[in-house]
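Examining the three-dimensional arrangement
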Amino acid sequence: MLDNLAPEESITKLAETDLALACEKARELVAQRPTDEAAAAILRNVVERFARTAPPPRLPREIPAVIPKAHDLIAAGRVEEAEILLRDHLKSHRHDPPAMHLMAEIAAHFDLREDAERILGHAARIHVNSADAWAGLGITFHRIACSKDYSEFLQDALTSLDEAIKLDSEHEDAIAYKAAILVQLRALEPARKVYEDLLGKHPFVFYWVHYAHLLKTVGEFGPSVAAYRTAVAVDPKNGPGWWGLANLKVAKFFPEDVLRMEEALLASDVPDQRRVEINFALAKAYDQLKDYERAASKLHVANDLRNRIDPPSPEVCKDHAPFVREVFTPRLLKVREDWGDHSPDPIFILGMPRAGSTLVEQILSSHSLIEGTEELFVLLQISGELAAAHHYEQPQQIVSALNRDELRSVGARYIELTRRYRVTDRPFFTDKNPANWQYTGLIHSMLPNAKIIDVRRNPMDCCFANYFQHFEAGAHFTYSLKELGRYYSDYVRVMRHFDELLPGRIHRVIHDDLVDNFEHEVKRLLDYVGVPFEEACLRFYETERAVHTPSSEQVRQPINRSGFGRWRNYEPWLVELKATLGDALEDWRR
């Protein structure tokens, strides 16, 4: 900073000679003062000026028309037609990299792993001096790894991307994909360095949002605010940037922010998905201004539009309680009393989203014997494998048909699949996927020694918090007040059934009680898990670990009652939710 000048004046002066450095100093100022309107204004000003000096965007590489056609066919499930199309193309365009990469994806689709590896290896040898070809190869390895559970392909993807970067140190796609894969592998510090390298070379692109997400995950909330504010200054129509800012409690919206978001919604070129994000952000802004009527209006628009863009499937909208009562009877559980894999390692934390499950996981992961592995989707994968293997239309047919060996095998499969998420030698680990309450019966049957923790919150507080939250993926039931009430009630009925059948098997944490009687509830929790009490669990907010959920800020603060009763500001607009909750509105604790 220039001597004897206020920070804002110093940055303005610096911008006359070095806009890039002025932007950097302005971000540092916002990171230090994330709720300061003047700091936000100076950052917006210098970033806008810097963005006007941006070079024109690099033109995308020319790709043969057959490639997008093949992609469309694969997406439509017409994989054989895509293969025929690509084979014809390769007759006249031998060794075309995008076509070869797609052929490898098709081979992987049919579980022809060796063929996929052979094609990709051949492509690498032929195009050894092409950065674009190496980048495409890395992206293909990544896609196959994610779609077919070939986890070792992720390392092949990184190796290929590194080759691309060696040939072209500014290759945007290669650097960006490398950063994304490192985040996926939870290598957050290396990912951070790659993002900083990327933004140093391509400072005007969308990656500011990804960088901000990463900073939030590792608990650097001030710098995260600065990164999000950079993103929306470069592009005021940046929906993910505005919502990312709204999703940070340390951030604050100012009148200029509201004006810019409202103006963005007036533009005709803003896609619906971005409109969803901007409306959610505006709801947060009006909530901060205590203009609850406008906030409620924005919430309704955001949720309704999100519901229309990606409506929930019939599977999401159905009640599980009737199925659970039909299948998991006293007789069935008696017969299977000693079945399954007897590993005691997993601790399932389940319930509703926004009920406090991340807090419970943070408390447990502060213990020296418990590793927090966060929100896993392994049970979803296993249920899909069971459905594919048994070819039954009804899930109750599948569950009731499993024999002793199959249940033991399924439990062992879960332990095998979760091993990749464990990075310590601690004997126990958490699986904090709230939706796993739907698999409570399967969990008990396949892993009888696993712990099951049901985290429950007051229905109005919990459901309203979900309605106010924009989830990047899944949680389709949260975009309708009626569906929210139905889902919560269904969840309570399912857990009540297992409480009646298996007294003491599931440990319930009432979020309200945890906040009001913290030490007592923590000791009860640790006693259930079967580990000795450790003081570190009471100081959970000091535990350093990456947290990828919307609650990343809350779990780094001492226990508090923030959010309790917030729904009352919106009571006139929550009539449908109350009606749908029915008995669960009062009788929700048991």
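1. Structural notes on the pairing of strand 5 (residues 506–510)
- With 5 of 5 residues buried, strand 5 lies mostly within the body of the structure.
- Every second residue of strand 5 is oriented toward a common face, with Ile506, Arg508 and Ile510 on one face and His507 and Val509 on the other, all of them buried.
- Across 5 bridges, strand 4 (residues 451–456) lies against strand 5 in parallel orientation. Residue Arg456 lies in a different strand from strand 5, and its bridge partner there is Ile510.

2. Looking at the packing of helix 1 (residues 7–15) against helix 2 (residues 19–32)
- Their axes nearest at 8 Å, the elements helix 1 and helix 2 cross at an angle of 160°. In terms of orientation, helix 1 lies roughly antiparallel with respect to helix 2. When the axes of helix 1 and helix 2 are compared, the crossing they make is left-handed. Of the residues in helix 2, those touching helix 1 at Pro7, Glu8, Ile11, Leu14 and Ala15 are Leu19, Leu21, Ala22, Lys25, Ala26 and Leu29.
- A breakdown of the residues in the contact of helix 1 with helix 2 according to their chemical character gives 9 nonpolar, no polar and 2 charged.

3. Some details on unusual backbone geometry
- Notably, Arg186 is not glycine yet its phi reads approximately 65°, a positive angle.
- Tracing the backbone shows Arg186 in the loop between helix 10 (172–184) and helix 11 (188–201).
- Not every positive phi belongs to a glycine, and Lys290 is a case in point at roughly 65°.
- Here Lys290 shows up in the loop between helix 16 (272–288) and helix 17 (292–309).
- Taking relative accessible area as the criterion, Lys290 reaches 60% and is therefore assigned exposed.

Parameters at a glance
- Residues numbered from 1 in each chain as written.
- Predicted model: local features only at pLDDT ≥ 70, side-chain atom pairs only at ≥ 80, totals over all residues.
- Heavy atoms only, no water.
- Buried < 20%, exposed > 50% of the residue type's maximum accessible area, 1.4 Å probe, protein only.
- Helix = DSSP H or I, 4+ residues; strand = E, 2+ residues; numbered from the N terminus.
- Pairing = 2+ DSSP bridges.
- Axes fitted to C-alpha atoms, helices over the stretch in contact; angles between N-to-C directions.
- Parallel < 35°, antiparallel > 145°, perpendicular 65-115°, else oblique.
- Left-handed = near helix turned anticlockwise from the far one by under 90°.
- Contact = heavy atoms within 4.5 Å.
- Nonpolar A, V, L, I, M, F, W, Y, C, P; charged D, E, K, R; others polar.

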